[in-house]
Amino acid sequence: MVKSQNLQWVPTNQVSADVGSKDKAYGALTNSLQIILAETKGKISYKELLLKSRKYLEKQGYPQRPGLYCSDSYVNDQFIC
């Protein structure tokens, strides 16, 4: 679980998925986060990042559904990277 400003990325009862090649593998969620952060130049809220990650993973055929646990007052704050 990663914490930042009272925010927590919460693992769920799901299986992780790997992407990449034989030489370089990484997680599908990590990949989606990196792509989205690059596209938005890091100017994105936690909620938007979560929703875009879910949409990206679904579009790519991954069954993962990441979750975010935080106080409602932080949901729309800009993601800190």
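Residue numbers here run from 1 along each chain, matching the order of that chain's written sequence. Local features in a predicted model are, by the rule used here, given only for residues with pLDDT of at least 70; side-chain atom pairs are given and counted only at 80 or more, and totals for whole chains, interfaces and linings are based on all residues. Values shown for side chains rest on all heavy atoms present in the structure; no hydrogens or waters enter the calculation.

A. Quick look at the packing of helix α1 (residues 28-40) against helix α2 (residues 46-59). Geometry is summarised by axes, namely lines fitted to C-alpha atoms with helices restricted to the contacting stretch, and by angles between N-to-C directions that run from 0 to 180 degrees. The helix count covers DSSP runs of H or I at least four residues long, the strand count covers runs of E at least two residues long, and both are numbered beginning at the N terminus. Their axes nearest at 9 Å, the elements α1 and α2 cross at an angle of 120°. With respect to α2, the element α1 is oriented oblique. For the pair α1 and α2, the sense of crossing is right-handed. Counting all contacts with α1, which are made through Ala28, Leu29, Asn31, Ser32, Leu33, Ile35, Ile36 and Leu37, the residues of α2 involved are Leu49, Lys52, Ser53, Tyr56 and Leu57. Classifying every residue of the contact of α1 with α2 gives nine nonpolar, three polar and one charged. An angle below 35 degrees is read as roughly parallel, one above 145 as roughly antiparallel, one from 65 to 115 as roughly perpendicular, and any other as oblique. In this scheme, a crossing is called left-handed if the near helix is turned counterclockwise away from the far one by less than a right angle; it is called right-handed if the turn is clockwise. When checking whether two residues touch, look at their non-hydrogen atoms; a contact exists if any pair is within 4.5 Å. Polarity classes work like this: nonpolar for Ala, Val, Leu, Ile, Met, Phe, Trp, Tyr, Cys and Pro, charged for Asp, Glu, Lys and Arg, and polar for all others, with Gly in that last group.

B. Main features of α1. End to end, α1 covers 18 Å across 13 residues, agreeing with the expected 18 Å (1.5 Å per residue, within 8%). To sort residues, take the accessible area from a 1.4 Å probe on protein chains only and compare it with the maximum for the residue type: under 20% means buried, over 50% means exposed, and anything in between is partly exposed. What α1 keeps buried is the set Ala28, Asn31, Ser32, Leu33, Ile36 and Leu37. Take the number of residues in a helix, subtract one, and multiply by 1.5 Å to get its expected span.

C. Inspection of the packing of aromatic side chains at higher detail. By convention, a stacked pair of Phe, Tyr or Trp rings (six-membered ring in the case of Trp) has centres within 6.5 Å and planes under 30 degrees apart, an edge-to-face pair has planes over 60 apart, and any other such pair is tilted. The tally for this structure, following the rule as stated, stands at one aromatic pair. Between the aromatic rings of Tyr46 and Phe79, the centroid separation amounts to 5.2 Å while the plane-to-plane angle is 70°, which identifies the pairing as edge-to-face. Highlighted residues: Tyr46 in helix α2 and Phe79 in the segment after β5 (67-70), separated in sequence by 33 residues. Using a relative accessible area of 14% as the deciding quantity, one classes Phe79 as buried.

D. Here's a closer look at the nonpolar core. Of all hydrophobic cores here, the largest spans seven residues; its members are Leu33, Ile36, Leu37, Ile44, Tyr46, Leu49 and Phe79. Put simply, the parts of the chain that give this core at least two residues each are α1 and α2. No other element matches the three residues that α1 contributes to this core. Nonpolar cores were defined as sets of buried Ala, Val, Leu, Ile, Met, Phe, Trp, Tyr and Cys residues, with membership established by side-chain atoms within 4.5 Å.

E. Broad picture of α2. Helix length check: α2 (14 residues) gives 20 Å between terminal C-alpha atoms against 20 Å at 1.5 Å per residue, within 8%. Among the residues making up α2, those that are buried are Tyr46, Leu49, Leu50, Ser53 and Leu57. Considered in projection along α2, the buried side chains sweep an arc of 100° and stay on one side of the axis. Across α2 from its buried face, at more than 90 degrees, point the exposed residues Lys55, Glu58 and Lys59. One or two residues past the end of α2 sits Gly61, with phi positive at roughly 90°. Arc definition: it is the arc formed by the directions from the helix axis to the C-beta atoms.

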